[in-house]
Amino acid sequence: MTSRAVLSYLSSFVLMALSQCGMAAGGNFASCNELTATGNSEYPPFLWRDKQNSTQLQGANRIIMDELSRRIEVPIRLQHAGPWSRAQSEVKAGRVDLMAGAFYTSNRADYMDYFTPVLLYTQSVVWQRKATPFPFQRKEDLQGRWGVTVINNSFGEQFDRYAKANLNILTVASLAQALKMLATNRVDYVLYEKSPAQAYAGLLGLSEKLDAVEPHISSEGLYLTLSKASACNTPSLRHRIAVALRDMSQEGFMEQALLDGAALWSLKNRQALLN
């Protein structure tokens with residue numbers, strides 16, 4: 001093959017490769033005309049399932065996602081994807097782009113990019129029966145007792161490591177199931193975030209039976225995350241989201257969203273969430 005032929009062949013090859021790259025980039029761009037998002041749908045006032053449309057999520061994090069969508073000029077479709085464990089699996093696989101609220105763990109960081117600043121903060125606490133409380137001042141006081149939480153829930157890496165090595169904690173699919181197990185003496189305590197568990201205790205008629213005790217076991221930030229397997233995970237999009245979140249945080253938007261989410265929760269026909 002002559003030098004000219006070789007050059008002609010290489011040029012054709014490069015042009016074909018560039019064309020294919022352009023097609024791929026165009027495909028990714030087209031697929032990012034809309035972002036999908038999910039979260040923990042048993043997490044009022046942050047997130048909960050809409051009573052009229054069980055696939056839709058409402059709450060403080062929904063208010064934040066709607067404003068973020070407006071600022072980055074990309075529609076964000078926030079929907080229920082199943083129990084909390086299933087929601088995480090969907091984001092990990094890239095079938096859902098965004099997680100609207102997750103604690104940081106190194107395991108989750110393997111498959112999700114975390115944005116700062118955090119959306120909001122929440123405290124995780126020990127829930128006990130009011131009729132049969134036990135002394136609790138530190139995590140070591142939980143040893144020898146049986147607890148329960150929701151599958152794939154995290155309380156911060158430090159507590160998670162301690163719990164795995166030293167505590168007996170069952171996992172169930174839903175917060176409602178965990179609280180009912182505590183109320184019926186099947187476990188000694190529930191580990192969960194204070195605000196969502198408080199809301200569900202009221203929903204289940206268990207507020208007079210169950211109590212959140214102090215001190216809290218952890219205080220963690222709820223982060224917005226983007227699946228590393230998402231076709232929309234590009235430097236440009238990450239930058240736009242990060243800038244929008246920074247501005248929203250500086251303006252006090254997140255705190256107001258939490259107040260609005262709590263007010264919305266109190267107005268809803270909450271019994272419909274059990275259906």
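Going by the structure above, here's the rest.
Values in this document were obtained by computation on a predicted structure and should not be read as measured data. (Residues numbered from 1 in each chain as written. Predicted model: local features only at pLDDT ≥ 70, side-chain atom pairs only at ≥ 80, totals over all residues. Heavy atoms only, no water.)

Here the focus is helix 9 (residues 253-267). Under the 1.5 Å per step criterion, the end-to-end length of helix 9 is 21 Å for 15 residues, consistent within 8% with the ideal 21 Å. For helix 9, the complete set of buried residues consists of M254, A257, G261 and W265. One face of helix 9 carries all of its buried residues, which in axial projection span an arc of 70 degrees. The exposed residues of helix 9 that point more than 90 degrees off its buried face are L259 and L267. Where the residues of helix 9 are buried, they touch strand 3 (47-49), helix 2 (60-72), strand 8 (120-129), helix 7 (194-203) and helix 8 (235-250). (Helix = DSSP H or I, 4+ residues; strand = E, 2+ residues; numbered from the N terminus. Expected span 1.5 Å × (residues − 1). Buried < 20%, exposed > 50% of the residue type's maximum accessible area, 1.4 Å probe, protein only. Arc of directions from axis to C-beta. Contact = heavy atoms within 4.5 Å.)

Okay, the pattern of salt bridges next. Applying the stated criterion across every chain yields a total of 11 salt bridges. Residue D247 is joined to R246 by a salt bridge in which the shortest nitrogen-to-oxygen separation is 3.1 Å. Overall, D247 belongs to the partly exposed group, its relative accessible area being 24%. A residue is classified by how much of its surface remains accessible, and R246, at 40% relative accessible area, is partly exposed. Taken together, the salt bridges that share partners define one network made up of E67, R70, R71 and E251. (Salt bridge = Lys/Arg side-chain N within 4 Å of Asp/Glu carboxyl O.)

So, about unusual backbone geometry. The omega torsion across P44 and P45 is 5 degrees, close enough to zero to call that bond cis. Take P45: it is sitting in the loop between strand 2 (42-43) and strand 3. A cis amide bond links T116 with the next residue in sequence, P117, at an omega value of 0 degrees. Of note, the phi angle at E73 is positive, near 60 degrees, even though the residue is not glycine.

Here the focus is the sheet that holds strand 2. Sheet strands associate in pairs through backbone hydrogen bonding, adopting either a parallel or an antiparallel arrangement. The 3 strands lie next to each other as 2-3-4, forming an open sheet whose pairing is antiparallel. Only two strands of the sheet have a single partner each, and these edge strands are strand 2 and strand 4 (57-58). Pairing geometry for strand 2 and strand 3, over 2 bridges, is antiparallel. Note on strand 3: the bridge partner recorded for E42 is W48. (Pairing = 2+ DSSP bridges.)

Moving on to the pairing of strand 6 (residues 98-102). The side chains of a regular strand alternate, residue by residue, between the two faces of the sheet. The element strand 6 is largely enclosed, with a buried count of 5 among its 5 residues. Pairing geometry for strand 1 (residues 35-38) and strand 6, over 2 bridges, is parallel. Of the residues in strand 6, the one forming a bridge with T38 is M99. Of the pairings in the sheet, the one linking strand 6 to strand 12 (residues 210-227) comprises 4 bridges and is antiparallel in character. By the bridge assignment for strand 12, A100 is matched with L224.

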